[in-house]
Structure formats: C-alpha cells, structure tokens
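# Residue-level structure breakdown
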Amino acid sequence: AAIKLGAAFALPIAAIRASQARLLSASTWRRQESQLRVLGIETSFDDTSVAVVDGTGAVLAQESISQRDEHAKDGGTVPHVAATLHTQRLPTLTASVLQRIHTDPAVAVRTISAVAFTLGPGLGPCLKAGLLFSQGFARQHGLPLIPVHHMEAHALTPRMISATLQFPFLILLVSGGHCLLLHASALGDYVRLGESIDDAPGEAFDKVARAIGVAGGAGLEALACTGDAARVRISEPMAHLPGMNFSFAGLKTAALQALARHPDGAADVAAAFQRAAIKHLVRRTNRAMEYSRAALQSPARTLVVSGGVACNTALRTALEAECARAGFSVVFPPVALCSDNGAMIAWAGLEHLRAGSAADERSRELRFHPQWPLGRADPAALAFVPPKPPSRRKSA
C-alpha cells in the first residue's frame, strides 16, 4: 500500500491531518488542472528560487538568484549568511513572480491555490528562512501550506514535463549533496535501494574541478572532453562489491593524487576521473534495474535521472546506452530544471495537493529537517548481486 505523506516522511503533522477536511473540500479543489496554481519556494542551500506552476506542468513564472559569488571568498557556503540573503531576497522575488502572473499583485495572489516550500533536507538556517517566509505569506493570504521534500521534488520533476510518465519507476538522484537510487511505486511511496556512503558525486566533481582550476562540474566536463582518460589510472570504486550503494570520497582522493603526479596533465586527470565516476553510477544503476526485475513486486521499466549532476552530457549518454541495453526507457528533466529551482518545489506541492496533503496556514506544527531520508530502506538491496547469465556449453 502507498505510504502517505505523514508516514513516509515521519513529520509531526497530526494537526495537519485534522485540518485537511476543511482545507481540501471538493468545492475548493475540484478545478480544472490549468486553474490549479502553486507558488513554490526553494531555499535549501545557496539558491533562492520562487516559481508558479499550474496543473498542466506549465511554469508560469520563475525567478532565481544564486549566492555563489557572495560565498566565493569564504571557499564555501556560510549557512547564516545564506539564510540572511534568502530572507532579504524572498519578498522581492515573490513580488516579481506574482507581477508576471498579473500586473496587479492582489489579483495574482487570488489565482494561487497553495504555497509549497522546501522543508528539508538542506542547511538548517536556510530551510528556516524559507519556512518562516512561506508561513507568513500563506497566513497573510489564507492559503494552505505544502511541505516538500527537496529530493522528492527532484524525483518528480520529469512528471512535470512528461504527462506519460507513470508509477512505478526507478530514480537516480545525483547532485552536489545527494546520491540516491530509489524505487517509486506511488507518490510518497519510495524504497531506497542505494545511496552514497560518503561524498555526493557533485561534491566530488566540484572539489576536483577546484583543484584543477576550472569552474565546477561543467568546467571539469568541458576539460575532460580534451583529455585522454587512458593516460591516467583512476579505478572505478566498489566495482566488485554487492549492493547498490555509492562511494565518491576515494575517487576524489585518487583524482587529487593523480593531479599531483601529473601536474601538466589536468585534462587527462579530468577525463579519467569523469570516466570512473560515470562507470560507477552506471554500474550501480544497472544493478537497480536488475533488482527491480528480480525482487520487487511492481518492477519498473523506466529510469528517471534528476539533480544537478544530471546536466552532465557524458553521464546522460552513458545512461541512455545502458537503459537501451536493459530494455528501460530513461527520462531526464530539461537542463534548466536539473539544479535547485522553485518550479520543482511547486510541482511536487501540486502533486501532493491533488493527493490531499496540505497544512493549515496557521499551523505551528511544522519543523524544518536538515537531515531527512527519503523513503524507507530495503535491507535486501544491500547484498544484491545480479544473477550471472547461464554459461553456454561448447558443442562437442
């Protein structure tokens, strides 16, 4: 049976359930899909993003501001500085988005059905900034709140742009903070098949890029295209271990050591690092496809790939080839929707709104969750090894 929002995410939302009958009455929410409009607010890390999405998946307006330049001098995101910037920018971004909906903000607000916002995971002060603003906005305008799991929003983004994408499906989430393999049976019903036991892939890409002297994962990918991976030995991690977990810490260290040995071979190091990382991601994802067929009651035939690292062209090409071999279809969101954005939060909120999950705008029960696992673990997945194909005996 599908696990509903409260059970799946273990939120303290008893008060939310009690308010649903009033907030989600048939006379209020049984509208045409194009009339459903959700305001989405994303503040989990260092991107402030606000968007309005309707029930057809159309992004009616979106405004985003990155904080990377403000944090560059510190060598990384400073949580309290990021939270202050979110608080300062949210009112302006929201007003701009509403003005794009209608020149009269009061009229624009009346077209909004609910407010969705990132409740976790992420940096605590940043999540708090988004929560407080969303609560205040919803309270002011009498709108229901929809708490959204950041990683679920990434996972659901392809459903915003592909009306034919139905459950069940496999999900590979690859970003700067996460790496997850999930099986999705229904909205809110997710099984974790694998996750990173140390660094996220985006984090490893960024650190290797910084050591080489290029701009992030995109810069590393561009440099890798000019290099020869065969000139530098960087092995694929965990190649012979069972299960579907990932590891990128050792891979990152190996790349940094290779760069020290080959100071004039940065392009070759980039190519070797990227090749090993992609082989690792593809091998574990292939194993998830095998596991879905062999061990799950509702086997998937589609792979959804999302998150910031899903922008990597070489990874997309490798996964497309692997899915073709395995008999899977694969769906990627547009590159513009791979990184953190308000549209994905609005869409995830809209999906839960349809399912009847929202919070009273006056609710004080909500608490942000810096650490918030998505779905439930599957212990059997830890030891899974794909069955070997039957051997062919040579004829005498």
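To start, this report covers the structure provided alongside it. Computed from a predicted model, the values in this text were never measured in an experiment.

Cut-offs and rules
Residues numbered from 1 in each chain as written. Predicted model: local features only at pLDDT ≥ 70, side-chain atom pairs only at ≥ 80, totals over all residues. Heavy atoms only, no water. Axes fitted to C-alpha atoms, helices over the stretch in contact; angles between N-to-C directions. Helix = DSSP H or I, 4+ residues; strand = E, 2+ residues; numbered from the N terminus. Parallel < 35°, antiparallel > 145°, perpendicular 65-115°, else oblique. Contact = heavy atoms within 4.5 Å. Nonpolar A, V, L, I, M, F, W, Y, C, P; charged D, E, K, R; others polar. Phe/Tyr/Trp six-rings, centres within 6.5 Å; stacked < 30°, edge-to-face > 60°. Buried < 20%, exposed > 50% of the residue type's maximum accessible area, 1.4 Å probe, protein only. Core = buried A, V, L, I, M, F, W, Y, C linked by side-chain atoms within 4.5 Å. Pairing = 2+ DSSP bridges. Polar contact = N/O pair within 3.5 Å; in protein donor to acceptor, adjacent residues only side chain to side chain. Expected span 1.5 Å × (residues − 1). Arc of directions from axis to C-beta. Salt bridge = Lys/Arg side-chain N within 4 Å of Asp/Glu carboxyl O.

Put simply, helix H9 (residues 201-212) and helix H11 (residues 249-261) touch, their axes get as near as 10 Å, and they point 10° apart. Regarding the angle of H9 to H11, the classification is roughly parallel. Where H9 abuts H11, its residues Ala204, Lys207, Val208, Ala211 and Ile212 lie against Lys252, Ala255, Leu256 and Leu259. Class assignment for the residues of the contact of H9 with H11 results in 7 nonpolar, no polar and 2 charged.

So, about unusual backbone geometry. Of note, the bond from Gly120 into Pro121 is cis; its omega dihedral lies within 30 degrees of zero at -15°. Relative to the helices and strands, Pro121 is located in the loop between strand S4 (114-120) and helix H7 (124-141). Backbone torsion omega between Phe167 and Pro168 reads 0°, so that peptide bond is classified as cis. Note on placement: Pro168 falls in the loop between helix H8 (150-161) and strand S6 (169-174). Backbone geometry at Met238 places phi at a positive 55°, although glycine is not the residue there. In this structure, Met238 sits in the loop between helix H10 (216-224) and H11.

Inspection of the entire model under this criterion finds 5 aromatic pairs. Ring centres 4.9 Å apart and planes at 15° place the aromatic pair Phe167 and Phe169 in the stacked group. A relative accessible area of 21% places Phe167 in the partly exposed class. Judged by centre distance (5.0 Å) and plane angle (70°), the ring pair of Tyr291 and Phe384 falls under edge-to-face. One end of the pair, Tyr291, is in helix H12 (residues 266-295); the other, Phe384, is in the segment after strand S11 (376-377), and 93 residues separate them in sequence. The burial state of Tyr291 is the same as that of Phe384; both residues are buried.

Below, the discussion takes up the nonpolar core. Counting residues in each nonpolar core, the largest one holds 53 residues, and the members touching the most others are Val174, Leu193, Ile234, Phe273 and Leu303. Counting residues per element, this core draws most heavily on H12, which supplies 14 residues. For Phe273, the contacting residues outside a window of four places in its chain are Ala204, Phe205, Val208, Leu220, Ile234, Leu251, Lys252 and Ala255. Core analysis: the next-biggest nonpolar cluster, separate from the first, contains 34 residues, Ala153, Leu165, Leu182 and Ala348 among them.

Ordered in space as S3-S2-S1-S4-S5, the 5 strands form an open sheet in which the pairing is mixed. Edge positions in the open sheet fall to strand S3 (59-66) and strand S5 (145-149), since each of these has one partner strand only. Mean inter-strand twist for the sheet, computed between neighbouring axes without regard to direction, equals 20°. Pairing of strand S2 (residues 47-54) with S3, which is carried by 7 bridges, proceeds in the antiparallel orientation. Bridging from a neighbouring strand, Val53 pairs with Val59 of S3. Its contacts with the sheet put H8 on strand S1 (37-42), S2, S3, S4 and S5, and the angle it makes with S5 is roughly 95°. Along the sheet face, helix H14 (residues 342-355) touches S1, S2, S3, S4 and S5 and points at about 45° away from the line of S2.

Considering the arrangement of structural elements, one finds Asn286 in helix H12. Among the polar contacts made by the side chain of Asn286, one reaches the side chain of Glu322 at a distance of 2.7 Å.

Buried within H10 we find Gly219, Leu220, Glu221 and Ala224. As for H10, its buried residues are in contact with H9, H12 and helix H13 (313-326).

Counted at 1.5 Å a residue, the expected span for H13 with its 14 residues is 20 Å, and the 20 Å between its end C-alpha atoms agrees. Every buried residue of H13 is listed here: Leu315, Arg316, Leu319, Glu322, Cys323 and Ala326. Each buried residue of H13 sits inside an arc of 135° when the element is viewed along its axis, so together they form one side. Of the exposed residues in H13, the ones pointing more than 90 degrees away from its buried face are Ala324 and Arg325. Turning to H13, the residues buried within the fold contact S6, H12, strand S9 (302-306) and strand S10 (329-331). Looking at the residues trailing H13, positive phi occurs at Gly327, about 80°.

Considering all chains together, one arrives at 11 salt bridges under this definition. Among the salt bridges present, the one from Glu290 reaches Arg293, with a minimum N-O distance of 3.7 Å. On the criterion of helical spacing, the pair formed by Glu290 and Arg293 is a turn pair, its members being 3 residues apart in helix H12. The class for Glu290 is partly exposed, based on a relative accessible area of 24%. In this structure, Glu322 engages Arg325 in a salt bridge whose closest nitrogen and oxygen atoms are separated by 2.6 Å. Within this pair, Glu322 and its partner Arg325 are both found in helix H13, separated by 3 residues, close to a single helical turn. Judged by its relative accessible area of 62%, Arg325 is exposed. Through salt bridges with shared partners, a single ionic network connects Asp228, Arg231 and Asp268.

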